[in-house]
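# Summary of structural features
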Amino acid sequence: MIRRARRRGAPRTGVDWFLTIMRVAAVTVIGLGLLAFIAQEINTDNPFAQWANPDATGLTGAQFWGLIISGVTQGAMYGLIALGYSMVYGVLGFINFAHGEVFMVGAMTGMITSNKLADAGLWESNFVGSLVFIMVVSILVCSLTAVIMERVAYRPLRGSPRLIPLITSIGVSFFLQNASVVLLGPAAKAYPDVPDWIRNKHTFLDIEGAKILVILVAAASMICLYYFVERTKSGKAMRAVAEDAEIAALMGINVNRTIVKVFALGGAMAGLAGILWGILFRSVIHTTGFLPGIKAFSAAVVGGIGHLGGAMAGGLSIGVAESVGPLVILEPLGVSGVSQLRDAVAFAVLIGVLLLRPAGLFGERLPAEDRT
Amino acid sequence: MDRLKILGKTTGSRRAFTIVFALLAVFSLLAASCGNDDGVDIGDRGTAMGDGSLGIVEVEEGDAIQIRSLEAITGDVAFFGLPIDRSTQIAVADYGQIHGFDVDTGTSLDDLCSNDGGQAAAQIIVADEDVVGVIGTSCSGAAVAAAPLITNAGMVLISGGNTSPALTSDLAGNAGPNYSVGYYRTAHNDLYQGAAMAKFVFSELGISEAAAIHDGDPYTQGLAQAFADAFEREGGTVTGFSAVNKDDTDMVPVLTEIASGSPGALFFPIFQPAGDFIADQAPGVSGLENTVLLAADGLLNTNYLGLPQTAGMYFSGPDQRFGENVNQSTGMSAVDFLGEYETRYGESPAAPFWAHGYDATVLLLDAIKAASWVESGTLKIDRQGIRDYLNGVRGFQGLIGTINCDNFGDCGSSKITVVENIGGEENAETSISNVVFSYEP
């Protein structure tokens, strides 16, 4: 994308003009929608508010706040999953499409473990301890799944054209989905009921306990991951392999072991996201990982693939946009059925960012061979 | 001289040949004019119904009559389709042979509760020309794709679970946009269900502002629209009408959209798992804290009723108080059926429409019996005869009550009930029969 960008002073082509028109159109739609929404909030009888949608009623402050928190929560989970996509891409330069299914494995593991704990009476009597326990189990299972996936499906293909591991990852994705159907059945599985302090809203900021938990755990995970990658020896090895695997090997870094660590770390983040998903929605099915996986991949691209902070920022951007966008931008413009367009809004963010800033919000961090 | 004799003999033979050929041609024309349009020899059919216009299916001695079951038997809504599929198997076993021939349902097919699933399964079914009828589908969305394929192949499709008005009619003499000749159902038309829920909300609960959510499926959209129309006819106001995607998990945006109209009741006739998330997240959305939640027969199952967030919700659905109803053809009562079901499958039916599936199957078998005859050891089934029989069904006593088929294939009962969920996994089965409102137009 960067290489395709028009050089300064070069003549504008038809594609350049088309992209410019698209950028202007995107900004105009967003601007008009926002202005109409603001006009609605000032006064619903405002002629500008009713210009495109005469039935517009606007949102109360509490409703708007609810949308923002819902988007941040969803986005935090996208961000956690996106870290795995971003790390693997940074090191190996291919998209591991099966990563969304690792997230599903985490949610399923949490469902099985929490129900076993509930049967034993521990879920109710010691919820916090049980929650920590299912998180640890899920992290271990997902890390192991990701490592086995790397060893069995991707390592034998190392060095082959990039399309081959990409297609393989799609195959691994279907394998994991179907393995879940065979082992656990096709129906949706429920998490046990959660305590009231998780289910109910708290007076502090008017947010449900589950959403506070998701935001805090995601933030803590992000900080820990950042510290691990930036400050530890293993993290430095990962960055070195991401920079240039051959030179890193010449410097004495065990590339295979480092790649395994990257998969394990990505799996751990997906496992954590799976548990948070289970606590928030209390339902999991074999296809749970598909759409969040695709959106998390989009988040990684939006943030700038290969950039950890960018992955989380991309996740939050997509989460908030899909939650807020339909009601704040599309409905004031008179678009019907806006709630069914949330996925479209999420992917429109991806297209919009690529149009305006092709390298993502924080810029791409590509392996050495991609930069040459 | 010899040469002349030879010529004369030759000329006589040609004349005889010409006469015989002409007679044969005349007989052929006469035979053709007396036969059916397709030129099929319909033989000695006695009182069997039909005119052979859709073709005759022949079942050789020792072979079985082929029918198929097409229900949602995997995935999120398997709880809904499996009881209907099992009812079909029980009905076939109860019914026994037809004119000395066994009935075979083959391997049960899956409609996946989707348009694509219905289409794929229907293509498999119509590839087998021996199939005479199909019981299914569970979901209206699947029937929209399956019905044209199956009925165009001369087969009939009888559903125990479809309720969308689009598949039959608006009950005012106008065919629905997806109606196919040869499609029938024993399930009710959702125009009744929508009217029942609207009346319950407006008159019984005293709520004058309500909203509805669907998921784009013909069943959910049709029922939500039927509710909205009926609610306005009652005198209420519909403050919001929106839709979700079937795989959405975060319902806060759509619930916020609905909350902006401050409805007193929210009707969401959708399926699991989306229904789980709406019931769970609605009380947390500002403006919906005290809104009464209502759903329909797509969520009326023990699994959903057992969820903590569904306690206190109201559900509309077919009147399941079958009491001592007996199917006139098999002699099976609803009580005996449930016993048989539990013996076979080790559980009670998880969702409604099991009785509808049983009656649909028996109707099909009765229709095959009425439209078939045995000739030289071969069973012949007139496809048009099956339709003729079903078109004429009046006053048939089934498990669901009295069955009458109208001109658009609606054969089901119009009795609808609303039940209240008592709450708790242990009370789920009791809740299904906790009727708080009954409706019959």
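To keep things clear, this report deals only with the structure shown in the data block. (Residues numbered from 1 in each chain as written. Chains lettered and ligands numbered in written order. Predicted model: local features only at pLDDT ≥ 70, side-chain atom pairs only at ≥ 80, totals over all residues.)

### Overview of the overall build of chain B
Put simply, the rule is: Each helix is a run of H or I in the DSSP string that is no shorter than four residues. Each strand is a run of E no shorter than two, and both are numbered from the N terminus. Note on burial: count the other C-beta atoms lying within 10 Å of the residue's C-beta; 20 or more is buried, 12 or fewer is exposed, in between is partly exposed, and C-beta positions come from the backbone.
The secondary structure content of chain B amounts to 13 helices and 18 strands. Referenced to the eigenvectors of the C-alpha coordinate spread, the extents of chain B come out at roughly 120 × 40 × 35 Å. The 441 residues of chain B split such that 57% are buried.

### Some words on the nonpolar core
Taken as a class, soluble globular proteins show a tendency for nonpolar side chains to be buried jointly. Note the cut-off: By definition, a nonpolar core groups buried Ala, Val, Leu, Ile, Met, Phe, Trp, Tyr and Cys residues that connect through C-beta atoms lying within 7 Å of each other. Domain boundaries shown here were taken from an automatic or database domain assignment. Once C-beta atoms have been placed from the backbone, residue pairs whose C-beta atoms lie within 7 Å are recorded as contacts.
Ile213, Phe227 and Leu266 of chain B are the most contacted members of the largest nonpolar core, which totals 244 residues. A per-element tally of this core places helix α2 (residues 61-92) of chain A first, with 16 residues. Counting only domains with at least three residues in this core, you end up with domain 1 (56-187 + 348-390) and domain 2 (191-318 + 418-439) of chain B. Discounting chain neighbours no more than four positions away, the residues touching Leu266 of chain B are Ala211, Ile213, Ile258, Ala282, Leu288, Thr291, Leu293 and Leu294 of chain B.

### Focus: the pairing of strand β6 (residues 156-159) of chain B
Residues and elements named next belong to chain B. What counts is decided by this rule: Only strands that DSSP links by at least two bridges are regarded as paired with each other. With strands facing away from the observer, any crossover in which the path from the first strand over the helix to the second runs clockwise is taken as right-handed.
Burial along β6 is two-sided: the residues Val156 and Ile158 and Leu157 and Ser159 are all buried. Relative to β6, strand β5 (residues 131-136) is paired through three bridges, and the arrangement is parallel. Bridge pairing links Gly133 to Val156 in β6. Note that the unit made of β5, helix α4 (residues 140-152) and β6 has a crossover that is right-handed. In terms of strand pairing, β6 meets strand β7 (residues 183-185) through three bridges, oriented parallel. Following the sheet pairing, Ile158 is matched in β7 by Tyr184.

### Concerning the environment of Val353 of chain A
All names here are of chain A. The residue Val353 is located in helix α14 (residues 342-356) in this model. Given 21 C-beta atoms within a 10 Å radius, Val353 is considered buried. Measuring from C-alpha to C-alpha, the distance between Val353 and Arg12 comes to 21 Å, with 341 residues separating the pair along the chain. Once residues within four sequence positions are removed from consideration, Val353 is found in contact with Val302, Gly360 and Leu361.

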